[in-house]
Amino acid sequence: MNNFAIKKVKARWVLDSRSTPTVEAEVHSGKGSGRAMVPSGASTGTHEALEMRDGTKEFHGKGVRNAVDNVNKKIAEHLEGIDSRNQEQVDRKMIELDGTDNKSKLGANAILAVSMANARCASSGLRKELFEYLAGMNKDDAKVLPVPMMNIINGGMHAGNGLAMQEFMILPSGMKNFSEALKAGAEIYHSLKGYLKEKHGKGAINVGDEGGFAPPISDTRQALGAIMKAIEISGYSSNEIKLGLDAAASSFFKEGLYHIDGKKISPEDMASFYGKLCEEYPIASIEDPMHEEDFDGFRKVTEAIGRKIQILGDDVFVTNVKRLSRGIEMKAANALLLKLNQVGTITEALDAFRMARKAGWNVAISHRSGETEDSFIADLAVGWNAGQIKTGAPARGERTAKYNQLLRIEEMLGKKALFGDTKL
Ligand code: PEP
Ligand code: MG
């Protein structure tokens, strides 16, 4: 009997950071065991794999009893006996059992929880750290600590203010290592808190879904200006700290126009707005500048500013190789935002990762706005040497779980550790 063979798979519901239930799964073999929880988005891409919700009275329709039952009653028995070290076989078995394009039969939340728990089960059986195990899956050697993309002002669908764009981030890409980068992020976060409180009153320091502040402002430049001020107060330079935006433009695109900063503007004017912002501020990355179906608009933005900055595709590609290959062919961006639950298995996410890398694109591993205390993506970012991680403000436990795990990994790697993405 192979001791690494899966003996038991089990799931339950747990709460995420927005007090919404999500799926937690456990996988046990004779050698080890693993547990994992899946996150959940708010500004989800239309083409993401299906997150199964019960739609009944409990939890305002957001229960996950069916997804949990699918793990316990439909997935578990089919995985028993499979070698937990064969992630691809485990994932392919679930893809086959589901049989749909978007995992709508079993639920991507059910499938991903098992996929992640299985990787942990295998790594624990092998007595390896998760990041080392994930590196092996990609036939690579883990060594690169990612630049943390820290979302310190929240807007869009993640906050109750008037900012159209969803995320205003700092990217401490010029710091010498991850711990210094995180320290800078935390210091700037506190300077921003003080600045916002003084300028707009104490209501301005309430936070949004990802732990960034949600001040009562509605102008893009005002948000960027506040962050520049906080960087200056903290004593950092624009060589050390760059800015990043996630416009999440689908969320403010209505009837052909972008509703932003009190105006309704055309896609062409939106593209030139990004160009101007890049001249005025040290912006290194813009995510989802156009709405998710506008591949051509993405291409135009990339053509205009993609040589200078990173154009990151999230809702547009949804970690899906079909949409990504179209994006690569069209030169619709130059970087992929990778979210495991957009596609539903580690194996398929690795396919997307490799496709992006083969095209010479940057990759940022990402959390969701609804998160858990699971730090899996921290290990994933290092294991696959992604070079960037987006996991919210350096505040709130579900966000710091990832950043703190990266501190531990940096310590474990010691002298071998590298930092960041040279192309950022
Ligand atoms: C994002 O859009 O990049 C994001 C993290 O938000 P959500 O999880 O709500 O899609
Ligand atoms: Mg996004």
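Thresholds applied
Residues numbered from 1 in each chain as written. Chains lettered and ligands numbered in written order. Predicted model: local features only at pLDDT ≥ 70, side-chain atom pairs only at ≥ 80, totals over all residues. Heavy atoms only, no water. Salt bridge = Lys/Arg side-chain N within 4 Å of Asp/Glu carboxyl O. Helix = DSSP H or I, 4+ residues; strand = E, 2+ residues; numbered from the N terminus. Buried < 20%, exposed > 50% of the residue type's maximum accessible area, 1.4 Å probe, protein only. Near = heavy atom within 4 Å. Polar contact = N/O pair within 3.5 Å; in protein donor to acceptor, adjacent residues only side chain to side chain. Areas by Shrake-Rupley, 256 points an atom, 1.4 Å probe, with all protein chains shown as cover. Nonpolar A, V, L, I, M, F, W, Y, C, P; charged D, E, K, R; others polar. Domains from an automatic or database assignment. Contact = heavy atoms within 4.5 Å. Buried area = accessible area lost by both parts, 1.4 Å probe.

A separate point is the pattern of salt bridges. Under the criterion given, the structure shown has 28 salt bridges. Between aspartate 209 and arginine 18 there is a salt bridge; the shortest N-O distance is 2.6 Å. Residue aspartate 209 is located in the loop between helix H5 (178-200) and helix H6 (220-233), and its partner arginine 18 is located in the loop between strand S1 (6-15) and strand S2 (21-29); the two are separated by 191 residues in the primary sequence. Aspartate 209 gets classed as partly exposed once you look at its relative accessible area, which sits at 25%. A salt bridge links glutamate 232 to lysine 229; the nearest nitrogen and oxygen atoms lie 3.9 Å apart. Separated by 3 residues within a single helix, glutamate 232 and lysine 229 lie in helix H6, roughly one turn from each other. Residue class for glutamate 232 comes out exposed when judged on its relative accessible area of 54%. Its relative accessible area of 32% is what places lysine 229 among the partly exposed residues. The network of salt bridges with shared partners includes Arg12, Glu24, Glu26 and Arg35.

Looking at ligand 1, there are 16 residues lining it, with Ala42, His158, Arg368, Ser369 and Lys390 nearest. At 2.7 Å from an oxygen atom of ligand 1 is found a side-chain nitrogen or oxygen belonging to arginine 368. In isolation ligand 1 exposes 290 Å². Once the protein is present, 100% of that is buried. The residue makeup of the shell around ligand 1, split by class, is 2 nonpolar, 6 polar and 8 charged. Split by domain, the shell around ligand 1 shows at least three residues from each of two domains, domain 1 (6-127) and domain 2 (144-419).

Split into domains, the protein chain comes out as domain 1 (6-127) and domain 2 (144-419). Put simply, the middle of domain 1 and the middle of domain 2, counted by C-alpha atoms, are 27 Å apart. Each partner contributes to the interface: domain 1 provides 34 residues, whereas domain 2 provides 31 residues. Both sides together, the interface formed by domain 1 and domain 2 hides about 2600 Å², and carbon and sulfur atoms give 52% of it.

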